[in-house]
Amino acid sequence: MKKKIYMLICTVLIPFSVVAGTPQSVLKNFVTVSDDRLMDGENEFRFISFNVPNLHYIEDFMKFEDTNPWRLPDAFELRDAMKTVKHMGGTAVRTYVLSVRRQDDAPEFPRHVLGPGQFNEKAFRSLDQMLAIANETGVRVIIPFVDNWKWMGGRAEYAGFRGKQSDEFYSDAQVIADFKQTIAFVVNRVNTVSGIRYRDDRAILAWETGNELTQCPIAWIQDIMAYIKQLDPHHLVLDGVAANVVRDETVANPLADLVTTHHYERNPRDLIEHIRISAEKTKGKKPYLVGEFGFISTSGIAGVLDIVERTPHICGALLWSLRFHARDGGFYWHSEPGLGKYFYKAYHVPGFYSGETYDERNVLRLMRRRAFAIRNLTEPPPPVPEPPRFLPCDDVAELRWQGSVFAAGYDLERAESPAGPWRIIARDLSDANTAHRPLYNDLDTDIGQTYYYRVSAGNSSGISAPSNMIGPIRVCHHTLVDEFFNYGVLFSKNDGVTIQTDLARAFKEDAHRLKGEKDGEVVYYTLMNMKSAAIYFFSKREQGVLEVTVSSNGHDYQPLSMTLKTFYIGEADYNYLRPIKLTALSMPDGIRYLKIGFLHEAQITRVEIPYGP
C-alpha cells in the first residue's frame, strides 16, 4: 500500500520520473497559433520533414517465410526513426492513422482498435514508447485518428462493428459515439513509459480528425473537433479532409486551428498552383500545412519547397514518405501503389544507390538543406554514425546487423581470435540493397576454421567505433547465394529468363528477381560438392511450377527430391503472389550442378546452395 501511495505522489509531482530511467523532455512548450502562424513559445514554428506512416505501426514486415506483414515497432526502430528525422533537420512528423480491426484480419494481426471500446494495450504501449522518444529527441508528432481508406482499417470498420455501411460513420449516432470513445481513450491515456497523460504531452503537435476524409460533412467535423477540444485544451486540431485545395468551410471553421492539403498531382506545376490558391485562402486567417506531397521529380519537390519557404504562413511541408531501419537488419521497404505507380518507394536516409531510379540521394540532400533553411539555420555536416549492433549469427553466409542513423556504408572486419588482429574484408557495404535478407555472405573463409566479426558505420563526417563482436562462427561449408542483382552467379541460362525489378510489392518488396517463362532454364555450378539447396520463388500456382535436377558432370541430370512449403496469405491489398520455398536438406554424392527448369511462369527471388568437401 505504501508503494502505491508513493508512486501516486511521484506521478503528481514529477511525472517524467514515474518510470525509472525515462529521460526528460527537451520540449518546453505546446505549439500554439498566433494569427496565421504556429508558435513554439515566442518563436515561430516552421518545418520541412516527412510523413513516417509506420512510425507507430509497421505494415512492411515482408520476411519471405512470415505470413504476418504487421508488427509493432520496438525501441530501436522508434529511436532510429526519430533520430533520422532530427538529423534531417525535421522538428515534426506525421504518423498514419490508428489501426482498426478488419473483417479479413488474421488473429495474429495487431490492431489498436479491436471493436467499440476495445483497445489493444500492447499496441498502445508501442505508441507510448513513440511519444517518449519524441520527447527525448525533440521531434513533434501529428496523429490522425481514423482513415478514409482500407489500409489499416478506418471508418468502414467502425461502421461495420455496428452492421452499418461505411458512409454511416458520419451520421449514425452509435457509430459516432464509438469513435468518440476511441478519441477519449487516446487523449486521456497515461503514457506507461513517461507517466504523462497524452493531452498533457508536448510531443504531440496536433490531433487530426482523420486521413483524407474527403466526403465528411462539416457538421461531423465541428462535432468531432469540439469533442477533442473539450477533452484536450492544449493541442491543436487539424481538419482531416485534406483535399488538394483547402475548403472554404474549413478556413471559416473556428474550431480548426490550422488547415492542411494533400498533393499527388502528376504535374508539379498544378501541385504548386493548388498550394498557392490554398495559401491565398488562408493568409491572415490560419496557419497552413502541406500535409502530404510526393511522387514527383526532384526539381518538382524543389518547386514545392520554394513556395513553402517564401510563404510565411505555410508552417510546413511533409514529404511522403520515410521508412527506418528494421530491428532484423536493413530497412523496411514500401513500394507505393496507386498514384506512386510502384515506381516511387519510401525513402531511406541518407540515400542509396538502390533508390537511384527515383533520385533518392539528391531528394534527401535537398530535403535536409531546406529543413534547416526554413528554421534559419545553416545545414550542419551529417552526424558521425553511432556504432551498429551486430546481430547473433551462426553462419558466415548470413551476417547482418542493425543499422546506424545516417550511415552511408559499413566496413566489415574479421578476425581469427577475439583479441584480433582485425582485418577489413569488405568496405562501404550498403544495408539498403535487399529487404529482410542477410547483409553479407563471407566466401573468403577456410572451411573448418573459426572466425569473429565486427562492423563499423561511416559517412562523409567519419566512421563509428566498431560494433559488438560476434563469434566464434565455425565454417562448415560455403554457400552460393543468388539475389539476382545480375546474371553473374548463374553458370548458364537460356533466353527464357530475365531479371525483373518492377512491382516489388506483390513480391514482398523483393526488387531483384529472375522471371522464368515456360521452358526457361538456369544452371548453377559449385567448385565443391553441393550439400543442400533452397529456392525461394513466387507463382500464381503452387504445384508443378519448377523442375529441379542435379548432376555431377553437367551432362547427366537426375531429379532432386525437394519439400515444398507455401507462405501465402491471399492477394490482400497488394495482389500478392504465392511465396513458395523448395528445400532439399541433402544431395546425392558428388553433385556440382543444379538446374532449375520453369514448367510455368514464376519469379525466383533467392537461391541458396551450401557446398563443401
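Provided above is the structure to which this section pertains.
The structure displayed is predicted, hence computed values, not measured ones.

Conventions we followed
Residues numbered from 1 in each chain as written. Predicted model: local features only at pLDDT ≥ 70, side-chain atom pairs only at ≥ 80, totals over all residues. Heavy atoms only, no water. Helix = DSSP H or I, 4+ residues; strand = E, 2+ residues; numbered from the N terminus. Rg over C-alpha atoms; globule rule 2.2 N^0.38 Å. Buried < 20%, exposed > 50% of the residue type's maximum accessible area, 1.4 Å probe, protein only. Contact = heavy atoms within 4.5 Å. Areas by Shrake-Rupley, 256 points an atom, 1.4 Å probe, with all protein chains shown as cover. 1 Å grid on protein atoms, 1.4 Å probe; cavity = no way out; pocket = protein on both sides within 12 Å on 5 of 7 lines; lining within 4 Å. Points joined across faces, edges and corners; volume = space filled by probe spheres on them. Phe/Tyr/Trp six-rings, centres within 6.5 Å; stacked < 30°, edge-to-face > 60°. Lys NZ or Arg CZ within 6 Å of the ring centre and 35° of its normal.

Draft legend 1. Representation of the overall build of the chain within the structure. Scanning the chain from terminus to terminus reveals 10 helices and 33 strands. For 613 residues, the compact-globule estimate of 2.2 N^0.38 gives 25 Å, and the C-alpha radius of gyration of the chain, at 26 Å, lies within 12% of that figure. Considering the chain as a whole, with its 613 residues, one finds that 59% of them fall into the buried category. Relative to all contacts within the chain whose residues are 6 or more apart in sequence, the contacts with residues 24 or more apart total 72%. Counting only carbon and sulfur atoms, one obtains 50% of the accessible surface of the chain, whose full area is about 24700 Å².

Draft legend 2. Spotlight on empty space enclosed by the protein. Within the structure shown, the criterion is met by 3 cavities of 30 Å³ or more. Estimated volume of the largest cavity: approximately 90 Å³. Here the second largest cavity is characterised by a volume of approximately 70 Å³. Met 62, Lys 63, Phe 64, Ala 435, His 436, Arg 437, Phe 507, Lys 508, Asp 510 and Phe 538 together form the lining of the second largest cavity.

Draft legend 3. Structural context of the packing of aromatic side chains. Counting across every chain of the model gives 33 aromatic pairs. An angle of 70° between the planes, with centres 5.9 Å apart, marks the rings of Phe 64 and Phe 567 as edge-to-face. Residue Phe 64 is found in the loop between β4 (47-51) and α2 (75-87), and its partner Phe 567 is found in the loop between β30 (563-566) and β31 (578-584); the two are separated by 503 residues along the sequence. The class for Phe 64 is buried, based on a relative accessible area of 5%. The rings of Phe 145, Tyr 158, Phe 161, Phe 169, Tyr 170, Phe 179, Trp 207 and Trp 220 are connected pair by pair, giving a single aromatic cluster. Directly above the ring of Phe 45 sits Arg 140, whose terminal nitrogen or CZ lies 5.6 Å from the centroid. Of note, Lys 595 hangs over the ring of Tyr 557, and the distance from its end group to the ring centre comes to 4.1 Å.

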